[in-house]
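# A structural walkthrough
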Amino acid sequence: MIPVTSVRSLPEAYALLRDRPQGLRVLAGGTDFMVAVNARLGLDRIGHVLDIWRLQELRGISFTAGVLQIASLTTYSELMRSPEVVRHFPALSAVSREVGAWAIQNRGTLGGNVCNASPAGDSLPILLAADARLLLGGPRGERVVPAHEFFLGYRKTALGADELLLRIDLPVVEGARLVYRKVGTRKAQSISRTIVAVRATAGGGALREVRIGAGCVAPVPVRCRAAERAAEQGGDVRRALESDIKPIDDLRATAVYRSRVTGNVLLRLLEGLRA
Ligand SMILES: Cc1cc2nc3c(=O)[nH]c(=O)nc-3n(C[C@H](O)[C@H](O)[C@H](O)COP(=O)(O)OP(=O)(O)OC[C@H]3O[C@@H](n4cnc5c(N)ncnc54)[C@H](O)[C@@H]3O)c2cc1C
């Protein structure tokens, strides 16, 4: 039997993280974790489970000094219903409706989506386009990592072995809009084939401060910096995008499909922002 410690406070969690029992794994909503356990994926590497689901300190959404602060255990259902999220980041609220179905939306957390670091994680392009900042904490203290520096490689993140993701901060940029499009095999209950999010400020037919995040087109969720520059300078966005992404063939789509559709979707989102 794998030992499970369910903590009720951050100091309790940090005490266990300080001891670093071998093979320690964090459990939040469990919607990714339990699927892997069920499939016996990496089961032999799990030595101890730290269950954080009841940590009240990691719940809640607030808006302070122009920043939307979302505690890591916030579920998709909470994101969908939160007046602050609907008002300041409607795209995050909308994408939450497209994640799984009710059971997953009630249990899956934004923090879990970030830490699981799947290239297909639906919230991640939005967090990248929003210039999100991630507050990490552990027995050694707290630090802030920008979302674009968090994803290091396929399912590899900047999170230390003794750290938790505490909060996701989204700065509100006055006058900017953030839009996204998820392309799946069907309308509901589908893992994305590609997903693109764009934030920009429009004026006089041009776009400024463009931020583009994309999923399912590289080993990590990516900031598409070349495409951002092209969008701001009136360059060839589709061609620039090709240097930002490295899609692969898999059971959901081919690389060619992903490349073409991501370009189409991005151009359409940019057009909508300019209008
Ligand atoms: C049927 C089904 C449908 C799904 N559909 C979608 C979908 O449409 N789109 C999508 O993006 N995802 C989907 N998912 C995946 C999943 O629901 C999400 O990624 C969810 O956000 C994970 O959150 P969780 O709280 O359940 O994470 P968990 O499973 O508890 O944890 C995931 C990983 O993150 C780590 N972790 C979690 N929270 C923290 C924290 N605060 N600090 C440090 N580490 C942490 C865990 O150790 C684990 O490695 C689906 C899953 C299922 C089973």
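Keep in mind that this is a model prediction, so the values were computed, not measured.

What follows covers the domain arrangement of the chain. As far as domains go, the chain holds domain 1 (4–51), domain 2 (58–171) and domain 3 (176–274). Taken over C-alpha atoms, the centre of domain 1 sits 34 Å from the centre of domain 3.

Among the 31 residues in the neighbourhood of the ligand, the closest are listed as Val26, Thr31, Asp32, Tyr76 and Thr109. Valine 26 is positioned with one of its backbone polar atoms (N or O) 2.5 Å from an oxygen atom of the ligand. In the model, an oxygen atom of the ligand is placed 3.2 Å from a nitrogen or oxygen of the glycine 100 main chain. When the ligand sits alone it has 980 Å² of accessible area, and the protein chains cover 87% of it. Looking at the shell around the ligand, the elements that each hand over two or more residues are strand S2 (24–27), helix H2 (33–38), helix H7 (110–116) and strand S10 (164–171). Ranked by the residues each element gives to the shell around the ligand, the list is headed by H7, at four residues. Among the residues making up the shell around the ligand, the classes are represented as 14 nonpolar, twelve polar and five charged.

With that settled, consider the nonpolar core. Counting 61 residues, the largest nonpolar core has Leu92, Leu170, Val198 and Leu266 as its most contacted members. By residue number, the principal contributor to this core is helix H12 (residues 255–274), which donates six residues. Summarising the domain contributions, this core has at least three residues from each of domain 2 (58–171) and domain 3 (176–274). Dropping the residues within four chain positions of it, leucine 170 is found in contact with Gly66, Val67, Leu68, Ile70, Phe89, Leu92, Leu127, Ala130 and Ala132. Counting residues in hydrophobic clusters, the runner-up holds 16 residues, among them Ala13, Ala28, Ile52 and Leu135.

Turning our eyes to something else, we now look at the packing of helix H11 (residues 237–244) against H12. With their axes 10 Å apart at the nearest point, H11 and H12 run at an angle of 130° to one another. For the element pair H11 / H12, the angle class is oblique. Once H11 is placed against H12, the crossing between them reads as right-handed. Seen from H11, the contacting residues are Val237, Arg238, Leu241 and Glu242; seen from H12, they are Ser259, Arg260, Thr262, Gly263, Asn264, Leu266, Leu267 and Leu270. Here the residues of the contact of H11 with H12 sort into five nonpolar, four polar and three charged.

Using the criterion set out here, one finds one aromatic pair in the structure. Aromatic side chains phenylalanine 150 and phenylalanine 151 sit 5.3 Å apart centroid to centroid with 90° between the ring planes, which places their arrangement in the edge-to-face category. The same class applies to phenylalanine 150 and to phenylalanine 151, which are both buried. Positioned above the aromatic ring of tryptophan 53, the side-chain terminus of arginine 59 is 4.5 Å from the ring centre.

Turning next to the pattern of salt bridges. Enumeration according to the criterion identifies ten salt bridges in this entry. One salt bridge connects glutamate 163 with arginine 143, and the closest N-O pair in it is separated by 2.8 Å. Residue glutamate 163 is found in the loop between strand S9 (156–157) and S10, and its partner arginine 143 is found in strand S7 (residues 141–146); the two are separated by 20 residues along the sequence. Taking the relative accessible area as the measure of exposure, glutamate 163 reaches 7% and is therefore buried. Residue arginine 143 is classed as partly exposed on the basis of its relative accessible area of 37%. Shared partners join several salt bridges into a network, and the residues in it are Asp131, Arg199, Arg211, Arg223 and Glu228.

Spatially, five strands are ordered S4-S5-S10-S6-S7 in an open sheet, and the strand pairing comes out antiparallel. Edge positions in the open sheet fall to strand S4 (61–64) and S7, since each of these has one partner strand only. Geometrically, the sheet is characterised by an average inter-axis angle of 25° between neighbouring strands, direction not taken into account. As paired elements, strand S5 (residues 67–71) and S10 share five bridges and run antiparallel to each other. The partner of glutamine 69 across the bridge, within S10, is aspartate 169. Those strands touched by helix H1 (residues 10–19) are strand S6 (133–138) and S10, and its axis lies near 125° from that of S10.

With that out of the way, let us pick up the sheet that holds strand S11 (residues 176–183). Pairing is antiparallel in the open sheet, where four strands are placed in the order S11-S12-S13-S14. Looking at the sheet topology across the chains shown, the edges are occupied by S11 and strand S14 (222–223). Bridge analysis of strand S13 (residues 206–215) against S14 gives two bridges, and the strand direction is antiparallel. Across the sheet, the residue bridging to alanine 214 is valine 222, located in S14.

What counts, and at which threshold
Residues numbered from 1 in each chain as written. Predicted model: local features only at pLDDT ≥ 70, side-chain atom pairs only at ≥ 80, totals over all residues. Heavy atoms only, no water. Domains from an automatic or database assignment. Near = heavy atom within 4 Å. Polar contact = N/O pair within 3.5 Å; in protein donor to acceptor, adjacent residues only side chain to side chain. Areas by Shrake-Rupley, 256 points an atom, 1.4 Å probe, with all protein chains shown as cover. Helix = DSSP H or I, 4+ residues; strand = E, 2+ residues; numbered from the N terminus. Nonpolar A, V, L, I, M, F, W, Y, C, P; charged D, E, K, R; others polar. Core = buried A, V, L, I, M, F, W, Y, C linked by side-chain atoms within 4.5 Å. Buried < 20%, exposed > 50% of the residue type's maximum accessible area, 1.4 Å probe, protein only. Contact = heavy atoms within 4.5 Å. Axes fitted to C-alpha atoms, helices over the stretch in contact; angles between N-to-C directions. Parallel < 35°, antiparallel > 145°, perpendicular 65-115°, else oblique. Left-handed = near helix turned anticlockwise from the far one by under 90°. Phe/Tyr/Trp six-rings, centres within 6.5 Å; stacked < 30°, edge-to-face > 60°. Lys NZ or Arg CZ within 6 Å of the ring centre and 35° of its normal. Salt bridge = Lys/Arg side-chain N within 4 Å of Asp/Glu carboxyl O. Pairing = 2+ DSSP bridges.

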